[in-house]
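This is what each chain is made of:
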Amino acid sequence: MAVTKLWPVKSNMANVAAYDINPLKTAYDEVAMPRGVPVADKMVELEDAKLIEGINCNPKTAISEFMDVKKKFDKMDGVLAYHGFVSFPDTDGLDPVNVLSVAREIAEEMWGSQFQVLLAVHTNTNTLHCHLLVNSVSYVDGHKAAHNEKNYYRLKKIADFICYKYDLTVPKQNERPPVDYPGLEDILVKCRMASLDVESLKENLAKHDIKYCGKNYVRLKDGRFVKLSRIKRSLEGLFDFAKASETKDKGFAALSSVESKKDRNLEEFTGRGV
């Protein structure tokens, strides 16, 4: 199955792009890695034997084109881009050009009508993978791309559909276990109570293989994004340090209220005290 990952870039966008299109990583030696049977309906034509491609942009000038769009719509701050990758298992037997071609089709379906995307396949690792760098600002109307649970699953569904289309490996439905929401709630509350600021919260969450994604979301080890309010409505403001910083006591009182509510609910359910 194609593994998809994506995360926000808030600084050093040019450095990320330079890493992606590094000639040492994207050079294609057809003798060392012979082309197989073309898989995608539309195969990418390589230029200068480099495994790079652009959607709505030239891969060699992608960053300057990204910046032109941001300046045009006066959206130069916040999330600058989204960086990620599409990786295919060795059992699919894809050559680098096929990887780039299939990844391009996935990216076109996901962002092609609105956003610029830089793609680059790296051949310097055991598993071929294609990096994606997506401009956060639409070149069409200037709206910013959303990075949330809904879009993460949309990207995964698109990747699964295109893999199915080309007879590549597709995971079985419900292959991943369901999220243990009660257990996750317990971990998040304990991590928040042990954290005095965002940085310490990130460190505490990381001990449980959970990534902090702003005050509304976390990302689990398997890549799934979970919204706090989806776990339980009362957790919606759990990571809101701005409000908690007014007085530490008030912040921890709110957390204690969450714990007390859990205890009361358990009492009502079991008919006895905890």
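Below you will find a few notes about this structure.

Definitions and cut-offs
- Residues numbered from 1 in each chain as written.
- Predicted model: local features only at pLDDT ≥ 70, side-chain atom pairs only at ≥ 80, totals over all residues.
- Heavy atoms only, no water.
- Helix = DSSP H or I, 4+ residues; strand = E, 2+ residues; numbered from the N terminus.
- Buried < 20%, exposed > 50% of the residue type's maximum accessible area, 1.4 Å probe, protein only.
- Contact = heavy atoms within 4.5 Å.
- Areas by Shrake-Rupley, 256 points an atom, 1.4 Å probe, with all protein chains shown as cover.
- Pairing = 2+ DSSP bridges.
- Axes fitted to C-alpha atoms, helices over the stretch in contact; angles between N-to-C directions.
- Polar contact = N/O pair within 3.5 Å; in protein donor to acceptor, adjacent residues only side chain to side chain.
- Arc of directions from axis to C-beta.
- Core = buried A, V, L, I, M, F, W, Y, C linked by side-chain atoms within 4.5 Å.

**Here's the deal with the overall build of the protein**
Then step 1. Scanning the protein from terminus to terminus reveals 10 helices and eight strands.
Then step 2. Burial statistics for the protein: of 274 residues in total, 43% are counted as buried.
Then step 3. Counting only contacts in the protein whose residues sit at least 6 apart along the sequence, the fraction spanning at least 24 positions is 71%.
Then step 4. Looking at the protein as shown, the accessible area adds up to about 15,000 Å², and 52% of this sits on carbon and sulfur atoms.

**Considering the sheet that holds strand β2 (residues 52-55)**
Then step 1. Strand order across the open sheet formed by five strands is β1-β3-β5-β4-β2, with antiparallel pairing between neighbours. Two strands in the sheet have a free side with no partner beyond their single neighbour: β1 (3-9) and β2. Each strand of the sheet is rotated relative to its neighbour by a mean of 20°, with strand direction disregarded.
Then step 2. Alignment of strand β4 (residues 117-122) against strand β5 (residues 129-135), held across six bridges, turns out to be antiparallel. The partner of Leu119 across the bridge, within β5, is Leu132.
Then step 3. Most of the contacts of helix α1 (residues 13-20) go to β5, to which it runs at about 155°, and overall it touches β1, β3 (81-87), β4 and β5.
Then step 4. The strands that helix α4 (residues 96-111) touches are β1, β2, β3, β4 and β5; relative to β4, the one it contacts most, it runs at about 155°.

**With respect to the pairing of β2**
Then step 1. By the alternation rule, side chains of β2 split into Ile52 and Gly54 and Glu53 and Ile55, which are all buried.
Then step 2. Direction of pairing for β2 relative to β4: antiparallel, over a ladder of four bridges. Bridge pairing in β4 links Glu53 to Leu119.

**Some details on the side chain of Ser101**
Then step 1. Tracing the chain through its elements places Ser101 in helix α4.
Then step 2. From its side chain, Ser101 meets the backbone nitrogen of Val44 in a polar contact 3.0 Å long.
Then step 3. The residues contacting Ser101, other than those within four sequence positions of it, are Ala40, Lys42, Met43 and Val44.

**A closer look at helix α7 (residues 198-206)**
Then step 1. Buried within α7 are the following residues: Ser200, Leu201, Asn204 and Leu205. The buried side chains of α7 occupy one side of the element, clustering within an arc of 135° when seen end-on.
Then step 2. The N-cap of α7, judged by a side-chain oxygen 3.3 Å from the amide nitrogen of Glu199 a few residues on, is Asp197.

**Thoughts on the nonpolar core**
Then step 1. Ranked by size, the top nonpolar core spans 37 residues in total, and within it Phe88, Val102, Ile106, Trp111, Leu119 and Cys130 carry the most contacts.
Then step 2. Residue assignment for this core shows that the elements contributing at least two residues are β3, α4, β4, β5 and α5 (149-165).
Then step 3. Per-element tally for this core: the top contributor is α4, with nine residues.

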